[in-house]
Amino acid sequence: MKLTRKIRLDPSTNSNYAEFNVKHATLDIKVHFDSKKIAGKVIYKLSAKRPNTTEIILDSSYLEIVKIWINDLPTDNYKLGARKYSALGNALSIALPTTYNDDFTLTIQFATTSQCTALQFLDREATDGKTAPYLFSQCQPIHARSMFPCFDTPAVKSSYTMLADSSYFTLMSGRLQEAKKDGKWHFEQPVPIPSYLVAIASGDIESEPIGPRSRIYSEKPGLQNCKWEFEQDTENFIKIAEKLIFEYEWLKFDALVLPSSFPYGGMENPNITFVTPTLISKDRSQVKVMAHELAHSWSGNLVTNSSWEHFWLNEGWTVYLERRILGRVAAANAKEDGRSNYEEVGEQTRHFASIIGWNALVESCKASNFTSLIWDLSNGADPDAAFSRIPYEKGFNFIFYLETILGGTKEFDPFIPHYFKQFQYKSLDSFEFIDALYDFFKKDSKKKEILDSVDWDTWLYEEGLPPVLPQFDTTLADECYKLANKWIEQSSRGNYDFSEVDIATFDSSQHVLFLETLEGKLAKSDNTVDLVGQLQRAYPFYSQSSNGEVKSRWSSLTIKFGNFSSSDESIELFANWLGTVGRMKFVRPGYRLLRDYVSEEFAISTFRRFEKSYHPICWAMVKSDLKL
Ligand code: BES
Ligand code: ZN
């Protein structure tokens, strides 16, 4: 069916990136913990694509520009434009004194300011160890421009040299070189990467090995727990991913467990994945986040969406690969347990995760204004505001649908390495992905017919749930559904017979599905206050859980359907929890919950109590959620 190609340049950059090729970038910075700034130089080796190019425009946001050189000659011929769209920052336009037919270098000396959105500086007292201050960055999607002047678009990739002068141990998104260079921490990233994958963390950080090519980094308190959480799975995940796609290109896969204000679950910074400390649950129940960030080593980091309008390409593919990896782990475990249907168990596991994802998609579609696969980010739309689970889960469903109609994994699998090889080191849009799919399968006329039958435009541009609903295997979900149904039945009779035995064998994702399913049913029933009271009595496990995934579902269900006021202890505890986690996945819905089901006043006073501890991105998002 019809495929409309809306091909355009990245609307989320002010730069004239399409005019240049970047050969190499050197970022040479000093971390100033006292003034909470980084300052230094960025040096680009680049060439104009066309002769007669007279100007180079870079992205910048809240940066101080100190001095600029072209081929080592200083120039004053530059200006910072007005902040036309708040999210996009200021264009930094630099006149080229002559036209250059060959490579030239552009050197910019700059400093960040207190308004920088990419960096969070933590005082010593705000860290776990309290032995040193801490700095970390989060550049995706468009915050790199507040850390250094750059072509801040995923369409531009280059190799990087990264140098950091810091009094504390420092990690950046490249290969750590053994010897310091001029007293600076030195990293090389030979694989071309976009600006959003540049990252830095500095503080009292130590490490332990978690596999033959992997180390885990964190502050010293808790380091052993971090090691335990990931040492069993990390290498296994890499090996499985390599079988599914191809060899891991980046040599080392290390991860850093950040302080609690890190705003995401994980961030796939090359060679040094950043993760939230909420993953350290002492039961390895959240290693899937590591599988996800690892999968980005291919989808996102090697093969990159060419603008944030095609963000689903990064995340949909990554969720797809993550679930393939976890399916194979489950199959291997079942095989070890001597189960003859181990392959089936692997698929059931993948489908179970997809069901939880589907529920998240349904919920997100109710709450988001960006529910189509390809986003429209024109006129300065903020990609942070478009962010939700939709690109992940609608994107996953798109690829899963293609896998299904093309004949299942056996038929689809050869396409995976083909696609990632074809686009490695490059950036692409949704249309190039579909073209690659056609190219690969068109030799088989039946498969070409199948592809011709796909309703491409609806998948790519229509709002809301996908045009074709998936059929997931519910074997592992049925237990959760059954228990939720039993609660609804018994509550209608006003007679409850439940105990902790009911949920004793559940793993954490079954708890999640049970609680979500029950919450969905409560929306349609009476007696909810009664039921919530019974639930609290029967399953004290839930109120005590420190697993963020469980805790957030439990709080949502009980606060929405119980009868609480801001003076109740459980509300107080929940509000305090919002001050200790910085992961937006928990923080944002948490404040919305307080706003809608306790009171707006209480939500705001709680936010005011904790706002100083949040990361600037999280702070801005909650502020906008609460309309402050
Ligand atoms: N790349 C994302 C995080 C991100 C996306 C940061 C967009 C900024 C802008 C990362 O890979 C991710 O998806 N993290 C998830 C993990 C999950 C899906 C397993 C998260 O943070 O919850
Ligand atoms: Zn991701």
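Residues numbered from 1 in each chain as written. Chains lettered and ligands numbered in written order. Predicted model: local features only at pLDDT ≥ 70, side-chain atom pairs only at ≥ 80, totals over all residues. Heavy atoms only, no water.

Note the threshold: UniProt positions are given in the numbering used here, feature names are shortened, and annotations may be inferred rather than shown by experiment.
Going by the annotation in an unreviewed UniProt entry, the name recorded for the chain is Leukotriene A(4) hydrolase, with [Candida] railenensis given as the source organism. Per its UniProt entry, the chain bears the Sequence similarities (unreviewed entry) comment "Belongs to the peptidase M1 family." According to UniProt, the comment filed for the chain under the heading Function (unreviewed entry) is "Aminopeptidase that preferentially cleaves di- and tripeptides. Also has low epoxide hydrolase activity (in vitro). Can hydrolyze the epoxide leukotriene LTA(4) but it forms preferentially 5,6-dihydroxy-7,9,11,14-eicosatetraenoic acid rather than the cytokine leukotriene B(4) as the product compared to the homologous mammalian enzyme (in vitro)."

## Looking at the site of ligand 1
What counts, and what does not: If even one non-hydrogen atom of a residue comes within 4 Å of a molecule or strand, that residue is called near it. Under the rule applied, a polar contact is a pair of N or O atoms within 3.5 Å (in protein, one hydrogen donor and one hydrogen acceptor; residues adjacent in sequence only if both atoms are side-chain atoms). Residue burial considers only the protein chains on display, and all accessible areas are found by Shrake-Rupley using a 1.4 Å probe. Think of it this way: any DSSP run of H or I at least four residues long counts as a helix, any run of E at least two long counts as a strand, and we number them from the N terminus. Here the term charged refers only to Asp, Glu, Lys and Arg, the term nonpolar to Ala, Val, Leu, Ile, Met, Phe, Trp, Tyr, Cys and Pro, and the term polar to all other amino acids, Gly among them.
Close to ligand 1 lie 17 residues, the nearest being Q140, G265, E268, E293 and Y392. Residue Q140 places a side-chain N or O atom 2.8 Å away from a nitrogen atom belonging to ligand 1. Notes on ligand 1: free accessible area 510 Å², of which the protein chains cover 93%. Within the residue set of the shell around ligand 1, elements represented by two or more residues are β19 (266-267), α3 (288-295) and α4 (311-336). Counted by class, the shell around ligand 1 contains seven nonpolar, six polar and four charged residues.

## Concerning the packing of aromatic side chains
Operational definition: For Phe, Tyr and Trp, rings pair up if their centres lie within 6.5 Å, where Trp contributes its six-membered ring, and each pair is then called stacked (planes under 30 degrees apart), edge-to-face (over 60) or tilted (otherwise). Accessibility here uses a 1.4 Å probe with only protein chains present; expressed as a share of the type maximum, an area under 20% marks a residue as buried, one over 50% as exposed, and anything in between as partly exposed. Charge-over-ring contacts are defined here by two conditions on Lys NZ or Arg CZ: a distance within 6 Å of the ring centre and an angle within 35 degrees of the ring normal.
The tally for this structure, following the rule as stated, stands at 60 aromatic pairs. Ring plane angle 65° and centroid distance 5.9 Å describe the contact between W308 and F311, whose orientation is recorded as edge-to-face. A residue is classified by how much of its surface remains accessible, and W308, at 1% relative accessible area, is buried. When the ring of Y419 is compared with that of F420, the centres are 4.9 Å apart and the planes differ by 70°; the resulting orientation is edge-to-face. Y419 gets classed as buried once you look at its relative accessible area, which sits at 1%. Residue class for F420 comes out buried when judged on its relative accessible area of 0%. If you follow K421 out to its NZ or CZ, it ends over the ring of F246, 3.6 Å from the centre. Positioned over the ring face of F440 is K443, at 4.3 Å from the centre of the ring.

## Digging into the coordination of the zinc ion (ligand 2)
Our working definition: For Na, K and Ca the donor cut-off is 3.2 Å, and for all other metals it is 2.8 Å, counting N, O and S atoms only; because water is absent from this set, sites may look incomplete. The rule is simple: four donors are tetrahedral if all their angles sit between 85 and 135 degrees, four are square planar and six octahedral if opposite donors span more than 155 degrees and the others lie between 65 and 115, and anything that fits none of that is irregular.
Here the zinc ion (ligand 2) is held by H292 (NE2), H296 (NE2), E315 (OE) and E315 (OE), and the distances to it run 2.0 to 2.7 Å. What the six donor atoms of the zinc ion (ligand 2) show is an angle range of 53 to 157° at the metal, which sorts the shape as irregular. Look at where the donors of the zinc ion (ligand 2) fall in the sequence and you get H-x3-H-x18-E. One end of the pair, H296, is in the loop between α3 and β21 (303-305); the other, E315, is in helix α4, and 19 residues separate them in sequence.

## Let's talk about the sheet that holds strand β16 (residues 205-211)
Stated precisely, the cut-off is as follows: We treat two strands as partners when DSSP finds at least two bridges between them. Note on contacts: a residue pair qualifies if any of its non-hydrogen atoms lie within 4.5 Å across the two residues. For every element, the axis is a line fit to its C-alpha atoms; helices are fit only across the contacting stretch, and the angle between N-to-C directions ranges from 0 to 180 degrees.
Taken in spatial order, the five strands line up as β16-β17-β18-β20-β19 in an open sheet, and their pairing is mixed. Each end of this open sheet is capped by a strand with a single partner; those strands are β16 and β19. Both strand β17 (residues 214-219) and strand β18 (residues 254-257) contribute to a ladder of two bridges, which runs parallel. For Y217, the partnering residue across the bridge sits in β18 and is L256. On top of the sheet, helix α1 (residues 223-231) reaches β16, β17 and β18; it is set at about 25° to β16, its chief contact.

## What to know about empty space enclosed by the protein
Test applied: Only protein atoms enter the 1 Å grid used here, on which a cavity is any set of points holding a 1.4 Å probe that cannot leave and a pocket is any open set flanked by protein within 12 Å on both sides along at least five of seven lines; residues with an atom within 4 Å of a point are listed as lining. Grid points are joined across faces, edges and corners, and a volume is the space filled by probe spheres set on the points.
For the coordinates displayed, the defined rule picks out three cavities of 30 Å³ or more. Its volume calculated, the largest cavity comes out at about 60 Å³. What lines the largest cavity is simply V22, Y44, C150, F151, V156, S158, Y160, I193, P194 and S195. When the residues that make up the lining of the largest cavity are grouped by side-chain class, the tally is eight nonpolar, two polar and no charged. Lining of the second largest cavity is provided by Y248, W250, F253, E268, N269, P270, N271, I272, T273, E293, S297 and N301. Of the residues in the lining of the second largest cavity, the class split is five nonpolar, five polar and two charged.

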